[in-house]
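Residue strings, one per chain:
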Amino acid sequence: MKRKPTVFGNWKLHNTLKDSEELARAIIDGAAPYADRCHVGFAPVFTALCTVAEHTRKSTTCTLLAQNGYPKPNGAFTGEVSFSLIKDVGCTGVLVGHSERRHLFGESDELVGEKVESALQTGLTVVLCLGETLDEREAGHTWEVVDRQLTSAMFHVPPALRDKVIIAYEPVWAIGTGKTATPLQAQEVHALIRKRIEENWLAESAQSTVILYGGSVNAKNAQELFSQPDIDGALVGGASLKPESFLEIIKAAAESAATK
Ligand code: PEP
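Residues numbered from 1 in each chain as written. Predicted model: local features only at pLDDT ≥ 70, side-chain atom pairs only at ≥ 80, totals over all residues. Heavy atoms only, no water.

Draft legend 1. Main features of the packing of aromatic side chains. Considering all chains together, one arrives at four aromatic pairs under this definition. Each ring, one from Trp-11 and one from Phe-42, has its centre 4.9 Å from the other, and the planes form 15 degrees; the classification is stacked. On the criterion of sequence distance, the pair formed by Trp-11 in the loop between β1 (6-10) and α1 (17-31) and Phe-42 in strand β2 (residues 39-43) is long-range, its members being 31 residues apart. Grouping residues by exposure puts Trp-11 and Phe-42 together as buried. Ring centres 5.7 Å apart and planes at 90 degrees place the aromatic pair Phe-155 and Trp-201 in the edge-to-face group. Of the two residues, Phe-155 is situated in the loop between α7 (142-154) and β6 (165-169) and Trp-201 in the loop between α8 (183-200) and α9 (203-208); the sequence distance between them amounts to 46 residues. Trp-201 carries the same exposure label as Phe-155, and that label is buried. A cation sits over an aromatic face here: Arg-101 above Phe-105, 4.2 Å from the ring centre. (Phe/Tyr/Trp six-rings, centres within 6.5 Å; stacked < 30°, edge-to-face > 60°. Helix = DSSP H or I, 4+ residues; strand = E, 2+ residues; numbered from the N terminus. Buried < 20%, exposed > 50% of the residue type's maximum accessible area, 1.4 Å probe, protein only. Lys NZ or Arg CZ within 6 Å of the ring centre and 35° of its normal.)

Draft legend 2. Looking closely at unusual backbone geometry. A positive phi angle is found at Lys-12, which is not glycine, with a value near 50 degrees. With respect to the helices and strands, Lys-12 occurs in the loop between β1 and α1. One non-glycine residue, Asn-15, adopts positive backbone phi at about 85 degrees. Along the chain, Asn-15 turns up in the loop between β1 and α1. With a relative accessible area of 28%, Asn-15 lands in the partly exposed category.

Draft legend 3. The site of the ligand, seen in detail. Near the ligand there are 14 residues, and of these Lys-12, Glu-170, Gly-176, Ser-216 and Gly-237 occur at the shortest range. Between Lys-12 and the ligand, the recorded distance is 2.8 Å, taken from a side-chain N or O atom to an oxygen atom. Between the ligand and the protein, one listed contact pairs an oxygen atom with a backbone N or O atom of Gly-238 at 2.8 Å. Computed on the free molecule, the ligand has an accessible area of 300 Å², of which 95% lies beneath the protein chains in the complex. (Near = heavy atom within 4 Å. Polar contact = N/O pair within 3.5 Å; in protein donor to acceptor, adjacent residues only side chain to side chain. Areas by Shrake-Rupley, 256 points an atom, 1.4 Å probe, with all protein chains shown as cover.)

Draft legend 4. Molecular detail of the pattern of salt bridges. For the structure on display, the rule yields 14 salt bridges. Between Glu-199 and Arg-196 there is a salt bridge whose closest N-O contact spans 2.4 Å. One end of the pair, Glu-199, and the other, Arg-196, are both in helix α8, three residues apart, so they sit about a helical turn from each other. By relative accessible area, which is 46% here, Glu-199 ends up partly exposed. Classification of Arg-196 as partly exposed rests on a relative accessible area of 21%. Here the salt bridges do not stand alone but share partners, grouping Arg-3, Arg-194, Asp-230 and Asp-232 into one network. (Salt bridge = Lys/Arg side-chain N within 4 Å of Asp/Glu carboxyl O.)

Draft legend 5. The arrangement of the side chain of Thr-142 in detail. If you trace the backbone, Thr-142 turns up in helix α7. Excluding residues within four positions of it along the chain, Thr-142 makes contact with Glu-132, Glu-136, Arg-137, Tyr-169 and Val-189. (Contact = heavy atoms within 4.5 Å.)

Draft legend 6. Structural view of the packing of α1 against helix α2 (residues 46-58). Running from N to C, α1 and α2 point in directions that differ by 30 degrees, and their axes come no closer than 9 Å. Classed by the angle they form, the pair α1 and α2 counts as roughly parallel. The interaxial crossing formed by α1 with α2 has right-handed handedness. Seen from α1, the contacting residues are Leu-17, Ser-20, Glu-21, Ala-24, Arg-25 and Ile-28; seen from α2, they are Thr-47, Ala-48, Thr-51, Val-52, His-55 and Thr-56. Counted by class, the contact of α1 with α2 contains five nonpolar, five polar and two charged residues. (Axes fitted to C-alpha atoms, helices over the stretch in contact; angles between N-to-C directions. Parallel < 35°, antiparallel > 145°, perpendicular 65-115°, else oblique. Left-handed = near helix turned anticlockwise from the far one by under 90°. Nonpolar A, V, L, I, M, F, W, Y, C, P; charged D, E, K, R; others polar.)

Draft legend 7. Molecular detail of the pairing of strand β5 (residues 125-130). With six of its six residues buried, β5 lies for the most part within the structure. Here β5 shows no split at all, with Thr-125, Val-127 and Cys-129 on one side and Val-126, Leu-128 and Leu-130 on the other all buried. Both strand β4 (residues 93-96) and β5 contribute to a ladder of four bridges, which runs parallel. Bridge pairing in β5 links Val-96 to Leu-128. (Pairing = 2+ DSSP bridges.)

Draft legend 8. Spatial organisation of the environment of Thr-133. Note that Thr-133 resides in the loop between β5 and α6 (134-138). For the pair formed by Thr-133 and Val-81, sequence separation is 52 residues and the distance between their alpha carbons is 28 Å. If near-sequence neighbours (up to four positions away) are discounted, Thr-133 is found in contact with His-103, Val-172 and Trp-173.

Draft legend 9. Just helix α5 (residues 109-122), in detail. Helix length check: α5 (14 residues) gives 20 Å between terminal C-alpha atoms against 20 Å at 1.5 Å per residue, within 8%. When α5 is considered as a whole, its buried residues turn out to be Asp-109, Val-112, Gly-113, Lys-115, Val-116, Ser-118, Ala-119 and Leu-120. Once α5 ends, the next one or two residues include Gly-123, with phi positive near 100 degrees. (Expected span 1.5 Å × (residues − 1).)

The structure is reproduced here in structure tokens:
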């Protein structure tokens, strides 16, 4: 089964409302020629979602994602935003388990699993982020860590919701550092993730699940990463804040479809 190349931007804690709107418009317009060959999306800060949703709603090019969410529908949870409100504002997907959430905000595998379940039950697509730290890689524990994060978050998902899960393998040491995993390092982990999905779900699910790479992807390294058989696109941080570089990455992903 052919998987559609996918490129998502994570804008993190950047951009005013006006900046977010301008960036969204530039990407929506610039990505139009690739819309049939690449699934494009971006995750602005919460305060910009409502305004940016007015543009993504009218667009056939780009989808809107949130960067995080809370797995309770409502209640006394000051400062949190539920997945149903994220959907209500116009998002179709949400990042879950980003390494900054895990490492800066102490999110456990258990909480990430609850978030995956709640977001999927709400009808959102989940971009499940996972990856090892530098210490874990150097100690030879990369697969142990990735497998644990994958297993705890994903394999209880019922069959009807499995096609709503996208995986983003993001080695923590490569995020925002300028150090990219080599295409072969990334491919090795992507292939193991796909194999594990096959073992826990089905060969069909393994072939249809989109697995993105994330970690200092830019206009220069994107093409080589996307040429790997199990790398279906990217989750992009820094380079998604500039339309020119993000659009180059989208172009590389769209063109990679022809070579696979
Ligand atoms: C990210 O935030 O998910 C990310 C991959 O960031 P960067 O591209 O800046 O490394």
